[in-house]
Amino acid sequence: MKKFAALCTAFLLLTTLAACGHTPASSASSGSASGASPSASSSAKPAVPDSGSASASASSAPAAPDESAETPALPALENPAMHFITLPAENPDGSQIEKGLLVAKTPQDWEYDNYTTFFKNEKKVAEVLHLWPAAEGDSPFADFMTEPYTDNGMFPEGFGLASSQDLSLNGSPVHILHMKTWSDDADAPSYPLFVFYNIEGYVIEVHFYPEAENDEAEQQLFLSVLSTFDLHFSRDNVSESGASDASQSTSDASQDNA
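Residues numbered from 1 in each chain as written. Predicted model: local features only at pLDDT ≥ 70, side-chain atom pairs only at ≥ 80, totals over all residues. Heavy atoms only, no water.

### Examining the environment of V225
Structurally, the position occupied by V225 is in helix α4 (residues 216–227). Considered as a pair, V225 and A76 are 149 residues apart in the sequence and their alpha carbons are 9.2 Å apart. Residue contacts for V225: discarding those within four places in its chain leaves L77, K105, T106, P107 and W110. (Helix = DSSP H or I, 4+ residues; strand = E, 2+ residues; numbered from the N terminus. Contact = heavy atoms within 4.5 Å.)

Right, here's the structure in full:
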């Protein structure tokens, strides 16, 4: 009887142990399946770059151009002379579109050749060269306008483009090329400013010739002259602007010089 009871007890113990041993195995299997689920879920989510990679991506993108700085107050032109310059608006290939009339004010001691050039003390001080439709896009200054001057391979060694400058005048952009040149009849280098001014949807190219290198006062004077530029494509518009009222004084000054 005791043996039978012992056998029953042993049988119950084995049964209990077997049941206990099976439960952890089933639990482990369930844990394994649960662990696989987050992995599958995370693989389905799109990768999100960390802050470091996002910063690197942003830094490699081209930066938006800064707004041009407005020029400081310019010196006033005292009793300026008014001039009328006829300029053909040109396409990049040089073909003419229409004729524009540029109204400009200059110091009284600038002599005008009644064409496109101004002289002071018998030396060229300014020249109006081109009028083009402004380029579309971020900048009104197309490459073809400035490329003849930005390739220093076209100049002797040590000459050509020294630096460039961008600013705003009357709310319109101005691009200035600071050049170093040497003319055949000169005994020293010259430092002209090749200026491109966006006005009324057109770009005017003007060259100024200072007497000295990096003369801030002269550059301010040139910008004062540039700020007076007024572009028209109809003489009616010129009359309405009041410019014609000064034409007589300009003619009188020309007769006096003659």
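### Concerning the nonpolar core
If you look at the biggest cluster of nonpolar residues, it comprises 31 residues, and the most contacted ones within it are W110, V174, I204, F208, L226 and F229. The set of elements that each furnish at least two residues to this core consists of β1 (81–90), β2 (96–106), β5 (123–133), β6 (160–169), β7 (172–180), β8 (193–199), β9 (202–208) and α4. With residues near it in sequence (within four places) discarded, L226 still touches L169, V174, V195, Y197, V206 and F208. (Core = buried A, V, L, I, M, F, W, Y, C linked by side-chain atoms within 4.5 Å. Buried < 20%, exposed > 50% of the residue type's maximum accessible area, 1.4 Å probe, protein only.)

### A word on the packing of aromatic side chains
Taken as a whole and assessed by the stated rule, the structure comprises nine aromatic pairs. A ring pair is formed by W110 and F118, whose centres lie 6.1 Å apart and whose planes are at 50 degrees; its orientation type is tilted. Of the residues examined, W110 reaches a relative accessible area of 4% and is grouped as buried. What links up through ring pairs into an aromatic cluster is the set W110, Y112, F118, F208 and F222. Across the ring face of F159, the terminal group of K180 is positioned such that the distance to the ring centre comes to 5.1 Å. (Phe/Tyr/Trp six-rings, centres within 6.5 Å; stacked < 30°, edge-to-face > 60°. Lys NZ or Arg CZ within 6 Å of the ring centre and 35° of its normal.)

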